[in-house]
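Geometric and topological summary
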There are 2 protein chains.
Amino acid sequence: MSTAQMGQQQKILVAGQWRDSDASESFQSANPARNETLPERYPISSWSDCEAMLDAASEAAEQLRSVPANQIADFLEAYAKQIEANAEQLVSIANLETALPIKPRLADVELPRTTGQLRQAAAATRSGTWSMPTIDTKANIRSCYEAIGPVCVFGPNNFPFAFNSIAGGDFAAAIAAGNPVIAKANTSHPGVTKLLGELAFAAVKETGLPSATVQLIYRLSHKDGERLVSDHRVGAIGYTGSRRAGLTLKAAADAAGKPIYLELSSVNPVVLLPGAVRERREELVAEFVSSVLMGTGQLCTNPGMVMMVASAETNTYIEAVAAKFAGGAPGTLLSSSVKKSLTAAIQTLSGAGAKVLVGGTAVEGKCSVANTLLQINGAKFLSNPEIFQTEAFGNASLIVVADSIEQLAEVLRSLEGNLTGCIYSAKDGSDDASYDAIAGHLIQRVCRILNDKMPTGVAVSPAMNHGGPYPATGHPGFTAVGIPASMIRFGKLTCYDGVRQHRLPAVLRDSNVSSVTWRCIDLKWTVDSI
Amino acid sequence: MSTAQMGQQQKILVAGQWRDSDASESFQSANPARNETLPERYPISSWSDCEAMLDAASEAAEQLRSVPANQIADFLEAYAKQIEANAEQLVSIANLETALPIKPRLADVELPRTTGQLRQAAAATRSGTWSMPTIDTKANIRSCYEAIGPVCVFGPNNFPFAFNSIAGGDFAAAIAAGNPVIAKANTSHPGVTKLLGELAFAAVKETGLPSATVQLIYRLSHKDGERLVSDHRVGAIGYTGSRRAGLTLKAAADAAGKPIYLELSSVNPVVLLPGAVRERREELVAEFVSSVLMGTGQLCTNPGMVMMVASAETNTYIEAVAAKFAGGAPGTLLSSSVKKSLTAAIQTLSGAGAKVLVGGTAVEGKCSVANTLLQINGAKFLSNPEIFQTEAFGNASLIVVADSIEQLAEVLRSLEGNLTGCIYSAKDGSDDASYDAIAGHLIQRVCRILNDKMPTGVAVSPAMNHGGPYPATGHPGFTAVGIPASMIRFGKLTCYDGVRQHRLPAVLRDSNVSSVTWRCIDLKWTVDSI
C-alpha cells in the first residue's frame, strides 16, 4: 500500500486532550469481510504516552473521591444516550471492522446490551448497595468497598461494544465504582473504539467529571503493556482476550501486587445425558447448532465441547448436527489472525486423533473456516486431556463420546477451569442418577452451571457469574458480567474504625439519606437508618 | 546436644492418621525465655507427605460438598469446646514456645478470641448468609459463594492460637466455607500446633466430618512449599508471616492461578495532629506506649511509625514517650530470629539517618532488644521513603517530625500499602482542616482508617478489615479478620443458571428453609422465601 492510500494518524485521548501520540510506529485495521486493510492509521504508543496517562489518572482518581455518586451515574447515563444517538454510525464502523452482522447482532443485541449495562451501572452507583456497607454499631466499626484507583482495561476482539475497553462491562464497572479508566483499544476494531472514546469524553465534559476520567490509546509494545499493568499508580486491571497475552500481563501485575481480572479461554463443556437425547433429540440438535455457530462461534461461552454416552441415539444426534454444519454457510471471522488460530487449533485436535466429521479446512480467499465438527471417544480423550482441551475459537466443536457415565465422569475430572458447564437431562427424571454422579465434578471446574440450556446467553443479571477457575480466569471469586457484582473487582475494602460521623463516606453514616442503600447493620440487611 | 537429649520425632496428621512423616530431616523449637532448645523433634516433610495430604484433601473436599452446613458448624463448636477443656495445657505450651505471657495475653485474651472466632464461624456457616445468595427470579439465575477446594494455611509466629494454621482465623474461615485445611505449623511453636491438631482431629471424629478435613505438617523445604501452593489440587492459600517468604509463595501460587491471601508486613502509620497533642498529650503518650509495647511490639498492627508536626509540644510528647520506653523493661521476643531481624531493622533505620532516642541495642544473653524509639524529620524521610519504611517488627517505633501539614501530606503520599492508618485530631475541631488535607492520602494507602485510637486492637467484627494494599497484603479487596467477610476468600462464586430446584444448594432454593439466611432477591435483601 502506498503512502497516498494511508489516512491520517488518529489521535489518542490523554489528560482531557485528543492529541498526537508520541509514537514512532502505527498500525491499520482491516475489513475482514472484504479482506482489505482500512486506511486509518493508529499510533503504537510509547511509554511516554503511558506516563502522561498514569499521572492524569492518578489526579483524576483523587478528584473522583469527592465527586458525588449521582454525578458519576449521570455520566454513565449521558454516555448511554450518546451511544444511542450515534448508533447508526457505531454499528456501521463495528460491522466494517469485525464483519459481525449489523442486524440482529450489532444493532439489536449488542448495542442495546451495552447501553443497558451502562444504565445498570449508573443505577448501582446511585443506590450505593454495590459497596456492601457493613456496620457494627456496638464497636463503631464500619466498612465498605470504595474506588481502588485507576483501572486499565484491555478489551477483546469479539465484542466491539459490550466488552469494549471504553464502553463495555469492565469499563462500566470500573467507572461506577468511582475509578478513572485507561482504555487500551482492541487492535482489530480501533475505529469503533475511537468513536466510543469521543462519545465517552463528550459525556465526561457534559457531566463535569474530571477530564482524565476516561483516556484512550490503541496499542502498546508488549514490554510497555507489562510496565503499564505493574505501575504503582494503577489500581487494578481488567483484561479479556487470548490466554497467552493475558498470562503475560498477569505475571507482570501479580509481581507488582496489582489485582488483574482476566477472562481467558474456555471450551465450555456441554453434557447431553442419554435420557435427554432420547426424549428431545431434534430440539437438542437445533439448540446446539444455533449456539455453536452464533457469531461464527466467536464467543467466550461458545460450546466447544459436547459430551455424550455412546448409543445409537447418540450417533443419530451427531449425524444430524453434522448435516446442519455441512449445510450452513460459514460466517466471516473477526480477523485473519482468528482464522489462522482456528485452523491451527483444528489441526492440533485432528492431529492428536480427533476425527473430523465435517469441515476442518479454511475457506480460500475468505476470512472463513468451514463449520467444523470433530469427534473422539472417551478413552482417547483421557489419554491426553490437555491437548483435547485446545480451544478452537470459532465455528468448531468437539464431541466426546464416552462409553459410560463413569467414563464421562472421568473426562469431567480431567478438565481444567472453564467459564461454564451445561448438563441436559431428561424431564422425566430418568437421568437424575447420572446427573448426581457427574454434576459435582463439573461444578468444581466451572463458575456457571446450566441445566437444559446452552451457555452462550450471558444475561446481565445481578446473579450472573461470568467467571471461572483458572485458566478460564485468574480467580474463581469474581465475575466480569452482572451488576453490581462485577463492580466489586474494582473496589478496595476500606474499614472506618471509630471514625467521626462527618468524615465517613455517605453510605456509612448513621442516617441512610437515600433510603435506597441496602446496608448490613449488625448482621441484618436493611435500608433503615441507625 | 547429644542424641540422648532429643525427644521422639512427632507424628504428622495425614488422611485421618497420626503417622510418621516421610522425612529425612527434623527440627526442634526453642524456649525463648530461657534461650533453650526444646527436646521434641518435628519432621521436615518430604514431597511424598504433601502428595498424600493433597490426595486426601481432594477427596475430603468432594465429600464435604454433601455435608450439611450444620454439621460443619457442630465441628467448629466442638473444637472450641475441646480448646477450652484443654486451655491450661495449651496456654502452658504456647508460653513455653513463644514467651508470650500466660496472663492476660494467652489465657485471657488470645485463647478466648480463638474460640470466639471458631464460634462466630460456626454461626456464619449455620446462617448461610456468608455465601451471599443472590437470586434473579425473572431469569431464574442464582449464585452464591461455595467451597473453593482444599486450603493450605501457613500461620505466623506471633499468635500461637488466634492465627494458628490449625485453629486461627484463616483455619476457621476456610473450614466454615466448607473446605478441608492443610495446615503448615509455624516452626516457632510446633508443640502448641500439634496439640491443637489433636483437638481439632478429635472434634472431626466426634462430629463425623471426613477424616482429612484437617491435616497437619510442621515444615517443608522452600521448594516443596512452592510446589504445594501451586498444586492443581489446591483451592486457595492463606499465609501470614514475613514478606520474603510470603512473596515467594505468592509468585508460585500466582503462576498456577491459585488465589493466595497474604498478610505481610506493615508499619501502620499513626498521625498525631497538633491540636490533639495540645489537647490531650499525656493520654496520647500513654496510648501509644501501651500500643507499641503490647506483646513486645510483635503485632502486625503495631504502630511502627508516628507522624507529627514540629512544635514545642511535639518535643515534649517525644520526650515523655522516650522516658516511658527507657523506664520499661523490654519483653522477651518470640525467637532469636525475631531478635536478629529487629536489631537489623533498627540498624538499617539508624544507618540511613534516623536518630536513636532510646534503646537501639540487643540485650545480651536474653531474647530481647531494648525498647527503641527513633526519630527523623520529614525532609530526611522524603529523601529515601523506602528505607525509612523498613519494618522493625518488635518493640520499636520511628517518629517522623514534619515541618508542616503539607510536608506531612507528602510523607503520607510516599508510603506503600499498609494495614492501618490512624489519625488523632482535636475534639474541638481545630484539626479538621488538617485532617481533610491528609486523610485522603492515607486512606488510599491503607484498608483500615482509625480516628483517635491505636491500631493494635483488631476486633473480630463483621465490619473489620484486616487487610491492605500491596505489600501489606496481596489484594486490597479482602480481609483476614472478621466473620463472615473473611470466609469469602475461600469461596468460589458459583452461578446456577436454570438449574432445577432440587439440584440447587439449599441457600438458593425458593424456600428459605432456615429463614435466617439473608439473600439478595431481585436486588433486595430479605430472609423471606420466594
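In this report, the structure presented in the accompanying data block is examined. (Residues numbered from 1 in each chain as written. Chains lettered and ligands numbered in written order. Predicted model: local features only at pLDDT ≥ 70, side-chain atom pairs only at ≥ 80, totals over all residues. Heavy atoms only, no water.)

Across its full length, chain A carries 15 helices and 25 strands. Here the C-alpha atoms of chain A give a radius of gyration of 24 Å, agreeing with the 24 Å that 2.2 N^0.38 yields for 530 residues. By its C-alpha atoms, chain A is 70 × 70 × 40 Å across when sized along the principal axes. Expressed as a percentage of the 530 residues in chain A, the buried residues total 62%. (Helix = DSSP H or I, 4+ residues; strand = E, 2+ residues; numbered from the N terminus. Rg over C-alpha atoms; globule rule 2.2 N^0.38 Å. Buried < 20%, exposed > 50% of the residue type's maximum accessible area, 1.4 Å probe, protein only.)

Another point: the packing of aromatic side chains. Scanning the entire structure with this criterion turns up 24 aromatic pairs over all chains. Centroid distance Y261 of chain B to F490 of chain B: 5.6 Å. Interplanar angle 85°. Geometry classified as edge-to-face. A residue pair is termed long-range when its members are at least 10 positions apart, and Y261 of chain B in strand β13 (residues 260–263) and F490 of chain B in the loop between β22 (448–451) and β23 (491–497) qualify at 229 residues. In this pair, the class of Y261 of chain B matches that of F490 of chain B, namely buried. Chaining the aromatic ring pairs together yields one cluster made of Y261, F478 and F490 of chain A together with Y261, F478 and F490 of chain B. Sitting above the plane of the F27 of chain B ring, R219 of chain B keeps its charged end 4.9 Å from the centroid. The residue whose ring lies beneath R489 of chain B is Y261 of chain B, and the NZ or CZ to ring-centre distance is 5.8 Å. (Phe/Tyr/Trp six-rings, centres within 6.5 Å; stacked < 30°, edge-to-face > 60°. Lys NZ or Arg CZ within 6 Å of the ring centre and 35° of its normal.)

What follows concerns empty space enclosed by the protein. Summed over all chains, the structure comprises 9 cavities of 30 Å³ or more. Counted as a void, the largest cavity has a volume near 270 Å³. Residue assignment for the lining of the largest cavity shows that the elements contributing at least two residues are α8 (243–255) and β13 (260–263) of chain A together with α8 (243–255) and β13 of chain B. The element contributing the most residues to the lining of the largest cavity is β13 of chain A, with 3 residues. Residue classes in the lining of the largest cavity are distributed as 8 nonpolar, 6 polar and 6 charged. (1 Å grid on protein atoms, 1.4 Å probe; cavity = no way out; pocket = protein on both sides within 12 Å on 5 of 7 lines; lining within 4 Å. Points joined across faces, edges and corners; volume = space filled by probe spheres on them. Nonpolar A, V, L, I, M, F, W, Y, C, P; charged D, E, K, R; others polar.)

Residues and elements named next belong to chain A. At a minimum axis distance of 10 Å, the contact between helix α1 (residues 47–64) and helix α7 (residues 222–229) shows a crossing angle of 20°. Comparing their axes, α7 and α1 come out roughly parallel. As α1 packs across α7, the resulting crossing turns out to be right-handed. Taking contact as the criterion, the partners of W47, C50 and L54 in α1 are, on α7, D224, R227 and L228. Looking at side-chain class alone, the contact of α1 with α7 contains 4 nonpolar, no polar and 2 charged residues. (Axes fitted to C-alpha atoms, helices over the stretch in contact; angles between N-to-C directions. Parallel < 35°, antiparallel > 145°, perpendicular 65-115°, else oblique. Left-handed = near helix turned anticlockwise from the far one by under 90°. Contact = heavy atoms within 4.5 Å.)

Moving on to the interface of chain A and chain B. Each partner contributes residues to the interface: chain A has 69 residues there, and chain B has 69 residues. Carbon and sulfur atoms supply 55% of the area buried between chain A and chain B, which totals about 5600 Å² over both sides. The tally of links from chain A across to chain B stands at 10 salt bridges. For D452 of chain B, the salt bridge goes to R500 of chain A, with nearest N and O atoms at 2.9 Å. The tally of links from chain A across to chain B stands at 44 residue pairs in polar contact (both at pLDDT 80 or more). For the side of chain A that touches chain B, the secondary-structure elements that each account for two or more residues are β7 (134–136), β8 (141–147), α8, α15 (432–443), β22 (448–451), β23 (491–497) and β25 (524–526) of chain A. Sorting elements by how many residues they give to the side of chain A that touches chain B places β23 of chain A first, with 7 residues. Inspection of the sheet shows β22 of chain A paired to β23 of chain B by 3 bridges, in the parallel sense. Bridge pairing in β23 of chain B places L450 of chain A opposite D497 of chain B. (Buried area = accessible area lost by both parts, 1.4 Å probe. Salt bridge = Lys/Arg side-chain N within 4 Å of Asp/Glu carboxyl O. Polar contact = N/O pair within 3.5 Å; in protein donor to acceptor, adjacent residues only side chain to side chain. Pairing = 2+ DSSP bridges.)

This brings us to the relation of the copies chain A and chain B. Structural alignment of chain A on chain B gives an RMSD of 0.0 Å, achieved by rotating through 180° and translating 0.0 Å along the axis. What the superposition gives is, in effect, a two-fold axis relating one chain to the other. The C-alpha atom lying nearest the rotation axis in chain A is that of W525 of chain A; the distance is 3.0 Å. In this assembly, 100% of the residues forming the interface of chain A have copies in chain B that are likewise at the interface, indicating an isologous arrangement. (Least-squares fit on C-alpha atoms with pLDDT ≥ 70 in both.)

A full pass over the atoms with the stated rule returns 54 salt bridges over all chains. With a shortest N-O distance of 3.5 Å, D108 of chain A and K103 of chain A are connected by a salt bridge. Assessed through its relative accessible area of 58%, K103 of chain A is described here as exposed. In this structure, the salt-bridge partner of D55 of chain B is R233 of chain B, at a minimum N-O distance of 2.8 Å. With D55 of chain B in helix α1 (residues 47–64) and R233 of chain B in the loop between α7 (222–229) and β12 (236–240), the pair connects residues that are 178 residues apart, well separated along the chain. Classification of R233 of chain B as buried rests on a relative accessible area of 14%. If you follow the salt bridges from partner to partner, you end up with E279, R280, E283 and D452 of chain A together with R500 of chain B in one network.

Attention shifts here to α7 of chain B. All names here are of chain B. Of all the positions in α7, only D224, G225, L228 and V229 are classed as buried. End-on view of α7: buried residues confined to an arc of 130°, all on one side of the axis. Close packing links the buried residues of α7 with α1, β9 (151–154), β12 and α8. (Arc of directions from axis to C-beta.)

Let's shift gears to the sheet that holds β23 of chain B. Strand order in the open sheet made by the 12 strands is β16(A)-β19(A)-β20(A)-β15(A)-β14(A)-β21(A)-β22(A)-β23(B)-β8(B)-β7(B)-β24(B)-β25(B), with mixed pairing throughout. Strands at the two margins of the open sheet, each flanked by one partner only, are β16 (355–358) of chain A together with β25 (524–526) of chain B. The mean inter-strand angle of the sheet, taken between neighbouring strand axes irrespective of direction, is 25°. Direction of pairing for strand β7 (residues 134–136) of chain B relative to strand β8 (residues 141–147) of chain B: antiparallel, over a ladder of 3 bridges. Across the sheet, residue D136 of chain B finds its bridge partner in β8 of chain B, namely I141 of chain B. Set on the sheet, helix α14 (residues 405–413) of chain A makes contact with β14 (269–272), β15 (305–309) and β20 (396–402) of chain A; between it and β15 of chain A the angle comes to about 155°.

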